[in-house]
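# Working through the structure, step by step
So you can see what is in the structure, the chains are spelled out below.
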Amino acid sequence: MSQLSSGICRRLNEAPQEEIEQLASGHTVQLLSVKKVSPTTNTTAPTDRYRIIISDGVHFIQAMLATQLNDLVTAGEINKNTVVVIDRLACNFVQDKRLIIVLDLHVVSRDEEKIGTPTAPPAFQEAPAPADAQVTPSFVASPAASSSMAQAKQPQTRTGPPGRSGKSVYPIEGLSPYQNNWTIKARVTQKSDIRTWSNQRGEGKLFNVTLMDETGEIRGTAFNTVVDDLYDRFEEGKVYYISKARVNLAKKKFSNIQNDYELSLEKNTEVEECLETTGVPMMKYSFVPLSSLEELQKDHTCDVIGIVKEVGPIGEITSKASNKTIPKRDLTIVDKSQYSVRLTLWGKQAEQFTADDLPVVAFKGVKVGDFGGRSLSMVSTSIMSIAPDIEEAHLLRGWYDGIGSGESFQSHSSALSGSSFGGFNRNEMRHLSDVKESQLGMSDKPEVFSCRATIAHIKSENISYPACPTQDCNKKVVDVGDGWKCEKCDKTFERPEYRYIMSMAVADWSAQAWLQGFNEAGLVVFGKTADEVHEIKENNEAEYNALMAQSTGVTFNFSCRAKQDTYNDQTRVRYGISKIIPLDYREEAKHLVELLKSSWAK
DNA sequence: CCCCCCCC
């Protein structure tokens, strides 16, 4: 049985803030409960938050799990009765309540019984709240109800750690709207240009910064006169103490920063450069190989690192929406996965990019597009770093200068890959009922979708046609007695080459649909050439029927093209097979495991 | 209070 750090819960419940954060590390506690906090009413679907109850065997207290630890819950690493060591925590004071946030922990043991019979610690009276406080928040208040609390004044009695008088440095991960007396120490990883806007609600100007510390990232925005005050104070890459900014709920739709909140930099916001920058990381990347870009959904963001193999000329486009002209420049980057992808720079970055010495460039938060299969584009929150001093960059440099420069690179637009050119995209799988209900293909242009379905029936009367054997002709040829004539090639051949043209009913759990398949589909379904099957059909009806029977009931992954078609004044959608892939059960199982681990499974 | 991120 584990030895718990008895007494720690009572101390966490009573100690003043500056002591709590020093109490933080090394205490062994048992989790009596790990529960998701009921979602807030806002519609932006913030990250899940977990409330935990920690016990030292004598007393128990409530705390919150930092969202960066959510994976521990979803992966089943921690749950009821898990014994853990708290490595780091933070404490928020919300008027007379304290909110403990566990920032880091590690598991000591699982499958324990509840240790001891812990009780709630004796009531403890915090320093009295100021008289102008109006709201008494519950333990975890809804962020929607937070604006009045964010204004609540708090006693300023803290002394803080050495290095900065009167201020304790607060982790970005722990920031919330419930408290306004904090100072973060953060690196500016990205600073936008000053942007102006004008709409029915008014006009103005703004800029954004992305701030990062060891615990997380947050976006900060300044408007109008604050732009004049602060824009020149921030320099990308430098570290600042920042305090007295307002913490608002982030509208996650508009940014890929991993934080439910964002900062509004205001008139009285304090910004002070910090030269002591140890422990403040330069940048956090999560690189994806260029080969796997097609697994990402269009419009999602990702981090990539590559060699800039080609620098396109500076160009200009005219935005359809705003009618503005914007400079652009396309780069082609390649990586170890032996793929290449086009990446577009905009504006100043497009104009100023000159590197022609095949540099390593890292990109954070670039947007995935589907032009040419897959493409990448810088957006305002993206960060480009030329020849960054990180391990991945050095490895890539070494690989390219050694063997990479001699390799050839696959582009996403090749017929073999790329979702918009007949590739199968697991992340954009549709159910057949959904395909039909959403009237895919009813618009002017064809639309593609992927699905998994089982062959229920193959129209067996006519599955192939006699085709011209000329490479890439494929036209139907006619029997002219002494041979087979192709009108297009104006040639007569001794024998045609049969090609599949088949119509088959497929079904998934939701619906059935008729799919049209051509030669490639037939080869996969029957495992024989159309010539061979034609031969069987002519000579052995029983064998032909057996082949048809054995080819039904088989499941495939498909990628299809839905297209409108008018025949006899009737317009309907036809689904063409652009790719048919036999199931790889190892691959399917791997995907299911990933699905079980994801928040979807909850 | 923005939130557009463009084009082919």
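Residues numbered from 1 in each chain as written. Chains lettered and ligands numbered in written order. Predicted model: local features only at pLDDT ≥ 70, side-chain atom pairs only at ≥ 80, totals over all residues. Heavy atoms only, no water.

Under the annotation held in an unreviewed UniProt entry, chain A carries the name Replication protein A subunit and is attributed to Rhizopogon vesiculosus. The record in UniProt for chain A states the following under Function (unreviewed entry): "As part of the replication protein A (RPA/RP-A), a single-stranded DNA-binding heterotrimeric complex, may play an essential role in DNA replication, recombination and repair. Binds and stabilizes single-stranded DNA intermediates, preventing complementary DNA reannealing and recruiting different proteins involved in DNA metabolism." Of chain A, the UniProt comment under Subunit (unreviewed entry) reads exactly: "Component of the heterotrimeric canonical replication protein A complex (RPA)." (UniProt positions renumbered as here; feature names shortened; annotations may be inferred.)

## Comments concerning the protein's contact with DNA strand B
Around DNA strand B sit 25 residues, and of these Arg195, Arg219, Lys251, Lys328 and Lys367 come closest. Within 4 Å of the protein, atoms of DNA strand B come from sugar and phosphate in 32% of cases. Contacts to DNA strand B include Arg195, whose side-chain N or O atom sits 2.6 Å from a base nitrogen. Interatomic distance of 2.5 Å between a side-chain N/O atom of Arg219 and a base nitrogen of DNA strand B. Those elements that place two or more of their residues in the surface near DNA strand B are β8 (195-199), β10 (217-223), β16 (315-318), β17 (325-334) and β18 (339-346). (Near = heavy atom within 4 Å. Polar contact = N/O pair within 3.5 Å; in protein donor to acceptor, adjacent residues only side chain to side chain. Helix = DSSP H or I, 4+ residues; strand = E, 2+ residues; numbered from the N terminus.)

## Examining the nonpolar core
Ile458, Ile463, Met504, Phe526 and Phe558 are the most contacted members of the largest nonpolar core, which has 39 residues in total. With five residues, the top contributor of residues to this core is strand β23 (residues 447-458). Not counting residues within four places of it along the chain, the set of residues in contact with Met504 comprises Ile455, His457, Ile458, Ala513, Trp514, Leu515, Val525, Phe558, Ile577 and Ile580. One finds Leu99, Ile101, Phe207 and Val271 within the second-largest nonpolar core, a separate group that totals 33 residues. (Core = buried A, V, L, I, M, F, W, Y, C linked by side-chain atoms within 4.5 Å. Buried < 20%, exposed > 50% of the residue type's maximum accessible area, 1.4 Å probe, protein only. Contact = heavy atoms within 4.5 Å.)

## Comments concerning helix α10 (residues 530-539)
Where α10 is concerned, the buried positions are Ala530, Val533, His534 and Ile536. The buried residues of α10 occupy one face: seen down the axis, they fall within an arc of 160°. For α10, the exposed residues set more than 90 degrees away from the buried face come down to Glu538 and Asn539. Tucked inside the fold, the buried residues of α10 contact β24 (464-467), β28 (497-500), α9 (519-526) and α11 (541-551). (Arc of directions from axis to C-beta.)

## Here we look at the packing of aromatic side chains
Given two aromatic rings, their pairing is described by the distance between the two centres and the angle made by the two planes. Considering all chains together, one arrives at ten aromatic pairs under this definition. When the centroid spacing of 5.8 Å and the interplanar angle of 85° are considered together, the rings of Trp197 and Phe223 count as edge-to-face. Here Phe223 lies in strand β10 and Trp197 lies in strand β8, a separation of 26 residues in the sequence. For Trp197, a relative accessible area of 28% gives the class partly exposed. Between Tyr500 and Phe526, the aromatic rings sit 5.5 Å apart at their centres with planes inclined by 25°, giving stacked as the arrangement. Of this pair, Tyr500 sits in strand β28 while Phe526 sits in helix α9, and the two are 26 residues apart along the sequence. Residues Tyr500 and Phe526 agree in their burial class; the two are buried. (Phe/Tyr/Trp six-rings, centres within 6.5 Å; stacked < 30°, edge-to-face > 60°.)

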